[in-house]
Amino acid sequence: MKNSNQTKTPTIRDVAKAAGTAVSTVSYVLNNDPNKYVSKDLRRRVLQAAKELNYHPNFLARSMKGKKRRVLAIIVPQFENVFFTKVINGAEHISYENGYMLLFCSTFDDPIREKNFITNLIAQQVDGFLITPTIEGWENSRIIRDRNIPYVVLDRFLEDSDEPYDSVSFDNKEGSYLATKHLFALGHRKLAYINWESPFSHLKQRLDGFWKAVDEAGIPRSDCFIVSGRRVNTEVGYQLAQSLFSQFNPTAVLASHHFFGEGLVTFLRETGRAIPEDISVIVYGQPSWVRLNQPSFTCIHQPAQEIGELGAKALLNRIANPNLPCKNFILKPNLIIRDSVKTLSLQ
């Protein structure tokens, strides 16, 4: 993380100077003290100065000055996604072992929520951040860098970033590449891919891995079929499956997200298509249902717990050693072979 050209954290004195008033008056206004009279014009000047300086009062500053709170924060996009539940569990385990408490927030991929969480957590003086960013994560996390607060990015990338940062991610391209190669090895040639059409580059890498395996196998891309959805949930997965089978008759389908996989499987069962006798399926991710179903599903395992654990270790290392070069950890995928893919012919 860079230490040069850091923006000085504004103080209450800076606000008082900009507003042309006393520090005590700024304190009265920002604390909304009902026992102190402040004119409307002066109150407006104080609030405007605080906004322009991006000043946020640290209510713990007096008692915690010179100390660490031993509190970390993790911000993820989806609590309901079992992947991020496991990431949080891994991060919490390491945090607790090292005497830190972990606060967690869910943005629902809303950049405004993300920005508000970051601002409020800074005001609470957390010692560092673990962040799976929204598409505006680079801009929203600028305040973290400006204040030289340690942070580590998990799973995704900070899109449009122009400086290095610590991260723990997963080789998404290799995951779909391994899955597609497996299908070809078992004799499948007419493949379909259910794609999450997203601005996030790590999701684009999944489609890149699919096409890499197709090209290496010498299969014309026109022999494969892609359906895409901009939202990811089981309902959209179901709708995409409907669209897919109304236009194409594949022997195997790779679902790029387990929510899509759940919708796909629901559609196949409702329409009387047996897995794997009539259609083979591979799911990206490993929710509990891929193991509990009959048949159990071949899937691309993402080491979510390990991502959380390694991210927390990297953050604690950054807190202890702020001047070290940034590190980017990329974890390898594992194709877990179960019973949802039929062998058509062996090469």
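Residues numbered from 1 in each chain as written. Predicted model: local features only at pLDDT ≥ 70, side-chain atom pairs only at ≥ 80, totals over all residues. Heavy atoms only, no water.

Enquirer: What should I look at first to understand the confidence of the model for the protein chain in this one?
Expert: Detailed reading of the predicted coordinates is not advisable wherever pLDDT is low. Summary statistics for the protein chain give a mean pLDDT of 91 and a share of 94% for residues scoring 70 or more. With pLDDT under 50 throughout, residues 1-6 is counted as low confidence; its partners more than four residues away or in other chains account for 18 contacts. (pLDDT = per-residue confidence, 0-100. Contact = heavy atoms within 4.5 Å.)

Enquirer: What is the right way to read the sheet that holds strand β12 (residues 334-336) from this model?
Expert: Each strand in a sheet pairs with its neighbour through backbone hydrogen bonds, running either in the same direction (parallel) or in the opposite one (antiparallel). The six strands are arranged β7-β6-β8-β9-β10-β12 in an open sheet whose pairing can be described as mixed. Every interior strand has two partners, whereas the edge strands, β7 (225-229) and β12, have only one. On average, adjacent strands in this sheet sit at an angle of 15° to one another, irrespective of strand direction. Judged from the five bridges that link them, strand β6 (residues 191-196) and β7 form a sheet pairing that is parallel. When the bridges of β7 are listed, I194 appears paired with V227. Running over the sheet, helix α11 (residues 234-247) touches β6, β7 and β8 (252-255) and is turned about 150° from β7. Helix α12 (residues 258-270) rests against β6, β7, β8 and β9 (280-284) of the sheet, and its axis sits at about 155° to β9. (Pairing = 2+ DSSP bridges. Helix = DSSP H or I, 4+ residues; strand = E, 2+ residues; numbered from the N terminus. Axes fitted to C-alpha atoms, helices over the stretch in contact; angles between N-to-C directions.)

Enquirer: Is there a simple way to explain the pairing of β6 in this structure?
Expert: For a regular strand, side-chain orientation follows a simple rule: the groups alternate between the two sheet faces. Of all six residues that make up β6, six are buried, and the element is covered over most of its length. Side chains L191, Y193 and N195 project from β6 onto one buried face, and the interleaved A192, I194 and W196 project onto a second face that is buried too. Pairing of β6 with β8, which is carried by four bridges, proceeds in the parallel orientation. Residue pairing for β8: L191 is matched across the bridge by A252. Between β6 and its parallel partner β7, the chain crosses via helix α10 (residues 201-216), and the hand of that crossover is right-handed. (Buried < 20%, exposed > 50% of the residue type's maximum accessible area, 1.4 Å probe, protein only. Right-handed = clockwise from strand over helix to strand, strands pointing away.)

Enquirer: What is the right way to read the nonpolar core from this model?
Expert: Inside soluble globular proteins, nonpolar side chains tend to come together where they are buried. Within the largest apolar cluster, 45 residues are counted, with the highest numbers of intra-cluster contacts made by I74, V87, L130, L154, F210, I300 and I307. For this core, the leading source of residues is helix α14 (residues 304-320), giving seven residues. Leaving out residues up to four positions away in the same chain, L130 has contacts with A73, I74, I75, A91, V152, L154, G311, A312 and L315. One finds W196, F225, F245 and V281 within the second-largest nonpolar core, a separate group that totals 30 residues. (Core = buried A, V, L, I, M, F, W, Y, C linked by side-chain atoms within 4.5 Å.)

Enquirer: How should I be thinking about unusual backbone geometry in this particular structure?
Expert: Glycine aside, negative phi is the norm for most residues, and most peptide bonds take the trans geometry. Cis peptide bonds are those with omega within 30 degrees of zero, and the linkage from I275 to P276 qualifies with 5°. Looking at where P276 falls in the secondary structure, it is placed in the loop between α12 and β9. Residue P295 follows Q294 across a cis peptide bond; omega there is 0°. Here P295 is to be found in the loop between α13 (289-292) and β10 (298-301). In this structure, D109 takes a positive phi of about 60° despite not being glycine. Locating D109 in the fold gives a position in the loop between β2 (101-106) and α6 (111-123). The residue N148 is not glycine, and still its phi comes out positive at about 55°. Locating N148 in the fold gives a position in the loop between α8 (142-146) and β4 (151-155).

Enquirer: How should I be thinking about the side chain of N140 in this particular structure?
Expert: For N140, the position within the fold is in helix α7 (residues 137-140). From its side chain, N140 meets the backbone oxygen of P111 in a polar contact 3.0 Å long. Discounting residues that sit within four places of it in the chain, N140 has contacts with P111, E114, K115, I118 and T134. (Polar contact = N/O pair within 3.5 Å; in protein donor to acceptor, adjacent residues only side chain to side chain.)

Enquirer: How do you make sense of the packing of α11 against α12 when you look at a structure like this?
Expert: Between two packed helices, the angle of one axis relative to the other and the distance separating the axes together describe the packing. Between α11 and α12, the least distance of the axes is 7 Å, while the angle of their chain directions is 55°. Regarding the angle of α11 to α12, the classification is oblique. Between α11 and α12 lies a crossing of right-handed hand. Mapping the contact onto sequence places T234, V236, G237, Y238, L240, A241, Q242 and F245 in α11 and F259, F260, E262, G263, L264, T266, F267, L268 and E270 in α12. (Parallel < 35°, antiparallel > 145°, perpendicular 65-115°, else oblique. Left-handed = near helix turned anticlockwise from the far one by under 90°.)

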